[in-house]
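# Breakdown of the fold
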Amino acid sequence: MSALRIATWNINSVRLRLPLLADLDAALRPDVLCLQETKCPDELFPHEGIRALGFEHVMARGMKGYNGVAVLSRIPFTARANDPDWCMKGDCRHVGVTLALPSGPLDLHNFYVPAGGDIPDREANPKFAHKLDLIAEATAWFAQQAPLRRSVLVGDLNIAPLEHDVWSHKQLLDVVSHTPIEVEALQGWMRAGDWHDALRHFVPAEQKLYTWWSYRAKDWEAADRGRRLDHVWVSQDLRGALARHEILKPARGWEKASDHVPVMVEMTL
DNA sequence: ATGGTTGTCGTACAA
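If you look chain A up in an unreviewed UniProt entry, it shows as Exodeoxyribonuclease III from Sediminicoccus rosea. Its UniProt record gives chain A the following Sequence similarities (unreviewed entry) comment, quoted word for word: "Belongs to the DNA repair enzymes AP/ExoA family." Quoted straight from UniProt, the Cofactor (unreviewed entry) entry for chain A says "Mg(2+)".

Laid out in structure tokens, this is it:
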């Protein structure tokens, strides 16, 4: 039995915030770190700086300017084969790997779900339609994979499903990220894979829990108008392995901070 | 009060 720490962070440019990875590493010491919004084509990915932090195993799936995901790991892994290209867009929103743990293989999915634009209407807003379509595809695909074993799904899912995943349930009901149609979609995805919400495993549903604070607030900390957009899900067989979690809120106050903070879950496997 | 900030790219667009 040993501890496995998996962290996830929407880094909002891996090149700009490469120095912050050292601070994250010092704070959380993750064995595996999943990044979203790397905004970096693969040929420009900062492999040297990341290797210097001790992440010897890296898989990046990036493109110019937008999106992009990566898995940084101290544990060897193989790329999962034959995972879908969601919505056939080639837009670098998912990477799947299989970690080679001493206790056996563990599947890890790193997702960056589309933010979905401003208008919560699939007819009026193609970005919202894309968000719902990607989730519908993922729902159908994970339903086919069931029953999932030794599986973890992390990422910026861009939906805050519970009432206390946002600063004001009432005021955000019409705001993309917390609309009933999105919440339904996310919950359907969770049910399809029989996923267990690892963050709410540790934090009661009645308690406010955020992982993102807008750049647009004058004082993000004083306003505290946050949302829980970043998630860690585990298959039911890993429920008993959940040992600890940390949401690195101080990271929101770092110099040149991302608007998302790193989230970590530790399991005993 | 329908604002506000950030990153990439290149002076627009996505978040």
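Next comes the rest of the description.
Turning to the UniProt feature "domain: Endonuclease/exonuclease/phosphatase" (unreviewed entry) in chain A, a few remarks are in order. Per the UniProt annotation, the sites labelled "domain: Endonuclease/exonuclease/phosphatase" (unreviewed entry) are residues 7–260. In residues 7–260, helix accounts for 24% and strand for 24%; the two terminal C-alpha atoms are 13 Å from one another.

What follows covers the pairing of strand β6 (residues 94–101). Where burial is concerned, most of β6 is hidden: 7 out of the 8 residues are buried. As judged from the 3 bridges shared by strand β5 (residues 77–79) and β6, these two strands associate in the antiparallel manner. Paired with A79 across the strands is V97, a residue of β6. Examined bridge by bridge, β6 and strand β7 (residues 104–112) share 8 bridges and lie antiparallel to one another. Counterpart to T98 in the pairing with β7 is D107. Where β6 folds back onto β7 in an antiparallel hairpin, the turn is made up of 2 residues.

How each quantity is defined
Residues numbered from 1 in each chain as written. Chains lettered and ligands numbered in written order. Predicted model: local features only at pLDDT ≥ 70, side-chain atom pairs only at ≥ 80, totals over all residues. Heavy atoms only, no water. UniProt positions renumbered as here; feature names shortened; annotations may be inferred. Helix = DSSP H or I, 4+ residues; strand = E, 2+ residues; numbered from the N terminus. Buried < 20%, exposed > 50% of the residue type's maximum accessible area, 1.4 Å probe, protein only. Pairing = 2+ DSSP bridges.

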